[in-house]
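Structural features, examined
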Amino acid sequence: MPRNAAELAHRLAREAEAVCRHYLSNGRRVGNYWQVGDVKNTAGRSMFVRLKSRDVGGRPAGKWTDAATGEHGDLLDVIRESCGLADFHDVTEEARHFLSLPRSEPESDSPSRLSPVPTGSPESARRLFAMSKPIVGTVVETYLRGRGITNLHGIDSLRSHPRCYYRPEADAPTEIWPAMIAAVTDLKGHITGAHRTWLDPSGRDKAPVDTPRRAMGHLLGHAVRFGPASDVMAAGEGIETMLSPRCVMPDMAMVAALSAAHLGAILFPATLRRLYVVRDNDPAGDGAVAGLFDRAQSAGVEAIVLTPRCGDFNEDLRNFDINALRAALRIQLAPEDVGRFLNTGV
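The text that follows walks through the structure, step by step, so that each part is easy to find.

The rules behind the values
Residues numbered from 1 in each chain as written. Predicted model: local features only at pLDDT ≥ 70, side-chain atom pairs only at ≥ 80, totals over all residues. Heavy atoms only, no water. Axes fitted to C-alpha atoms, helices over the stretch in contact; angles between N-to-C directions. Helix = DSSP H or I, 4+ residues; strand = E, 2+ residues; numbered from the N terminus. Parallel < 35°, antiparallel > 145°, perpendicular 65-115°, else oblique. Contact = heavy atoms within 4.5 Å. Nonpolar A, V, L, I, M, F, W, Y, C, P; charged D, E, K, R; others polar. Phe/Tyr/Trp six-rings, centres within 6.5 Å; stacked < 30°, edge-to-face > 60°. Buried < 20%, exposed > 50% of the residue type's maximum accessible area, 1.4 Å probe, protein only. Lys NZ or Arg CZ within 6 Å of the ring centre and 35° of its normal.

1. A closer look at the packing of helix H1 (residues 5-14) against helix H3 (residues 75-83)
Axis angle and axis distance: for two packed helices, these are the angle between their axes and the distance between the axes, and together they describe the pair. Where H1 meets H3, the closest approach of the two axes is 8 Å, and the angle between their N-to-C directions is 90°. Classed by the angle they form, the pair H1 and H3 counts as roughly perpendicular. Residues Ala5, Ala9, Leu12 and Ala13 of H1 lie in contact with H3, whose contacting residues are Leu75, Leu76 and Ile79. Within the contact of H1 with H3, the residues separate by chemical class into seven nonpolar, no polar and no charged.

Next up, the structure:
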């Protein structure tokens, strides 16, 4: 019996055409390939699955490539996406069912890894983040660059999920949209939650849904982090808000608390000596700033408020330009931090 995913994928590859006929039924055979619209079984011709490996050392059977998106994978990915399965354990069980194999039993030393977990739990958030991929070349990169955010180095806390489930209400049908997945971590770097921003497939804006941003897991005190903890840190609400000043201060540690309420409760690293509180220009932002300012001072941490000209710093970046943002931050930073952190630009 197959002991791991690689063995299952190998067995599926030996039955590649049967797998395609079952899970990609909207496609058809063209020579040595199965041709279909995408891995979700959409009708079309941009995705190709190799049915047999012709040459020794050549691309093996069961491997697929979507010429329209550049995505690629194996037949386990086909089962996952065509069936809409989020948990990898469910994917392997579906593969075993197709191959008429006995159901697997969790290994005694890691039962939690394969067992179902509650929706919205920290473990569910960790699995979602693990299923996602780096943002380079994805709709997430397009989205961020469209918002003026060009410095995308060192933001491993963000990933891209091409088909993330979205349900408007508990009893409503599930929709699927691309999403930016952000890892929410504690001070030790452990993932406690995740934040999803559903996107339009073009990457030009967020998805046209009622609530395109949602968080899951344990958020209180934790945040989406950009850069290692240091003696100086900037903290604000939104991901795009914090990535904007990071374009001109790439070496300053920054965290996004995801909401005004959570901003007021973020935990401070033991090394922190100065905190820049990145303000949103609204009543909720004012309340969060006041609470965090008081907490910082009580902890012996110097607190300095950074205020945007518009609603937030991403609006500043988009409405003006990066040089204007740099100039606005220069006059608000502590003098010793200007030379240390502020990128002088060209």
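2. Structural notes on the packing of aromatic side chains
Summed over all chains, the structure comprises three aromatic pairs. Judged by centre distance (6.2 Å) and plane angle (90°), the ring pair of Tyr33 and Phe48 falls under edge-to-face. Remark: Phe48 occurs in strand E3 (residues 47-50) and Tyr33 occurs in strand E2 (residues 33-36); sequence separation between them is 15 residues. With relative accessibility at 32%, the residue Phe48 sits in the partly exposed group. Arranged with centres 4.9 Å apart and planes meeting at 75°, the rings of Tyr166 and Trp198 form a pair that is edge-to-face. In this pair, Tyr166 sits in strand E6 (residues 158-166) while Trp198 sits in strand E8 (residues 191-198), placing the two residues 32 residues apart along the sequence. Trp198 shares its class with Tyr166; the two are buried. A cation over an aromatic ring shows up here: Arg295 above the ring of Phe268, its NZ or CZ 4.7 Å from the ring centre.

Function cannot be inferred from these measures alone, as they are strictly geometric.
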